[in-house]
Amino acid sequence: MTSTRRRRGLRSLVVAIVLLAGLGLVADRVAESLAEDQLAAAAEDEAARYDVRAAATSAEIGGGPGFLPQLVRGDFSRITLTMQRPTIASVPAEELTADLTGIQVPREVLTGGRGATVTVDSADIRLRMTPDALARFAARTSGLDRLTLRVADGRLRAQLTVRGVEAAAVVRPQVRDGRVVLVIDDLPGVPSAVRDVVRELLGRGIDVSDLPFGAALKQVAVVGQSVVLTATASDVELRPASP
């Protein structure tokens, strides 16, 4: 009888531990979800200062173990922000992601406070846009208002009219001095004088300086049918807007 009672008591203890662990996991996830909403709102407010807006913004807290231990420290190892269909200086893009590392989050931010500031050691930003969006940046900042860009066979192709001549070139985007430069790989069938003008126009570079969080452009590449810009920022501050 005593042995039976002991087994029942042990089973009850195991069940209680499992229930408490389950409740702990639920509480951790609920708190994490609320915190992610607050961080996404803070990121939206800060991005708006750079004239960057999005259809939707989400935050995902990484690192471990668990959210609540990180909350106690106020120190998060990694947070990923995702902005769907962002517009940058009124130019539409497809997606912007920012991987933040070394984040200090005051508890006031996570509980809905509007006066505290989230500080971030570094941010790696990836902006995906269509070739047409890059051409719109070119028209806005470089005066190339008749430039069209498209991706064909995995390569970026530019088309513009110079001195009445239609020029179609295969170009390779590069970053130089913080601007996107279109280097000509192939420009067949145009006079040498026109070729020189096209090379000079595309070599002026496209200014995409309105990236959020003061990020500096580092790389550009053609990925699928999109143009992907990579940028980095350091000592970022996410300051929620005043109510």
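All values derive from a computational prediction rather than experimental measurement. The residue count restarts for each chain, going from 1 along the sequence in the order it is written. Per-residue local features of the predicted model are confined to residues with pLDDT of at least 70, and side-chain atom pairs are confined, for both listing and counting, to 80 or more; whole-chain, interface and lining totals are unaffected and use all residues. Working from all heavy atoms in the structure, the side-chain values ignore hydrogens and water.

Enquirer: Run through the overall build of the protein, naming residues and quoting values.
Expert: For the purposes of this entry, the term helix denotes a DSSP run of H or I that reaches at least four residues, the term strand denotes a run of E that reaches at least two, and both are numbered from the N terminus. Helix and strand counts for the protein stand at five helices and 14 strands. Only protein chains enter the accessibility calculation, which uses a 1.4 Å probe; a residue whose area is less than 20% of its type maximum is buried, one above 50% is exposed, and one in between is partly exposed. Taken over 243 residues, the protein has a buried fraction of 40%. Every residue pair with non-hydrogen atoms within 4.5 Å of one another is taken to be in contact. Counted over contacts in the protein with a minimum sequence separation of 6, partners at least 24 positions apart contribute 57%. To measure how exposed things are, a 1.4 Å probe is used in the Shrake-Rupley method; for residues, cover is taken only from the protein chains shown. Split by element, the accessible area of the protein, about 12,800 Å² in all, is 51% carbon and sulfur.

Enquirer: Provide a residue-level description of the sheet that holds strand β4 (residues 87–88), including the pertinent values.
Expert: DSSP bridges decide pairing: two strands pair if at least two such bridges lie between them. Spatial strand order, β1-β4-β5: three strands in an open sheet with antiparallel pairing. This sheet does not close on itself; its edge strands, each paired only once, are β1 (52–53) and β5 (91–92). Sheet analysis places β1 next to β4, joined by two bridges and oriented antiparallel. Opposite V52, over in β4, you have I88 as the bridge partner.

Enquirer: Explain the side chain of T97 to me, and be specific about the residues and the numbers.
Expert: Relative to the helices and strands, T97 is located in strand β6 (residues 95–104). Judged by its relative accessible area of 18%, T97 falls in the buried class. If sequence neighbours within four positions are ignored, T97 has contacts with L81, T82, D124, I125 and R126.

Enquirer: Describe the sheet that holds strand β12 (residues 206–207), listing the residues and the values that go with them.
Expert: Read from one edge to the other, the open sheet built from five strands follows the order β8-β9-β10-β11-β12, with strand pairing classed as antiparallel. Lying at the two open borders of the sheet, with one neighbouring strand each, are β8 (148–152) and β12. Summarising the sheet, β8 and strand β9 (residues 155–162) pair through five bridges and their orientation is antiparallel. Within β9, the position partnered with T148 by the bridge is Q159. To get an axis, fit a line to the C-alpha atoms, keeping to the stretch in contact for a helix; angles then go from 0 to 180 degrees between the N-to-C directions. Across the sheet, helix α5 (residues 192–202) touches β9, β10 (165–176) and β11 (179–186), and the angle it forms with β9 is around 120 degrees.

Enquirer: Tell me what's going on with the pattern of salt bridges, and back it up with residues and numbers.
Expert: A pair is scored as a salt bridge if a Lys or Arg side-chain nitrogen falls within 4 Å of a carboxyl oxygen belonging to Asp or Glu. Counting across every chain of the model gives eight salt bridges. Across the pair D185 and R155 runs a salt bridge, and its minimum N-O distance is 3.4 Å. Remark: R155 occurs in strand β9 and D185 occurs in strand β11; sequence separation between them is 30 residues. Where E200 meets R204, a salt bridge forms, and the shortest distance between an N and an O atom there is 3.4 Å. R204 gets classed as partly exposed once you look at its relative accessible area, which sits at 42%. Shared partners join several salt bridges into a network, and the residues in it are E94, E95 and R128.

Enquirer: Describe the pairing of β9, and please don't skip the residues or the numbers.
Expert: Here β9 shows a buried face lined by L156, A158, L160 and V162 and an unburied face lined by R155, R157, Q159 and T161. The turn joining β8 and β9, which pair antiparallel and follow one another in sequence, is formed by two residues; a positive phi near 55 degrees is taken by D153. Bridging between β9 and β10 involves seven bridges; their strand directions are antiparallel. In the strand pairing of β10, L156 is matched with V171.

Enquirer: Any chance you could break down the side chain of T57 for me, citing the residues and the numbers?
Expert: Tracing the chain through its elements places T57 in strand β2 (residues 56–61). Accessibility expressed as a relative area gives 16% for T57, which makes it buried. Pairs of N or O atoms within 3.5 Å make up the polar contacts considered here, provided that, within protein, one atom can donate a hydrogen while the other can accept it, and that residues adjacent in sequence are counted only when both atoms are side-chain atoms. Within the structure, T57 has its side chain in polar contact with the side chain of E44 (distance 3.1 Å).

Enquirer: So, the environment of R53: which residues are in play, and what are the values?
Expert: Residue placement: R53 occurs in strand β1. The exposure class assigned to R53 is partly exposed, which follows from its relative accessible area of 45%. With 32 residues separating them along the chain, R53 and R85 place their C-alpha atoms 8.5 Å apart. Residues contacting R53, with those up to four places away along its chain left out, are A48, M83, R85, P86 and T87. A polar side-chain atom of R53 sits 2.9 Å from a polar atom in the side chain of D51.

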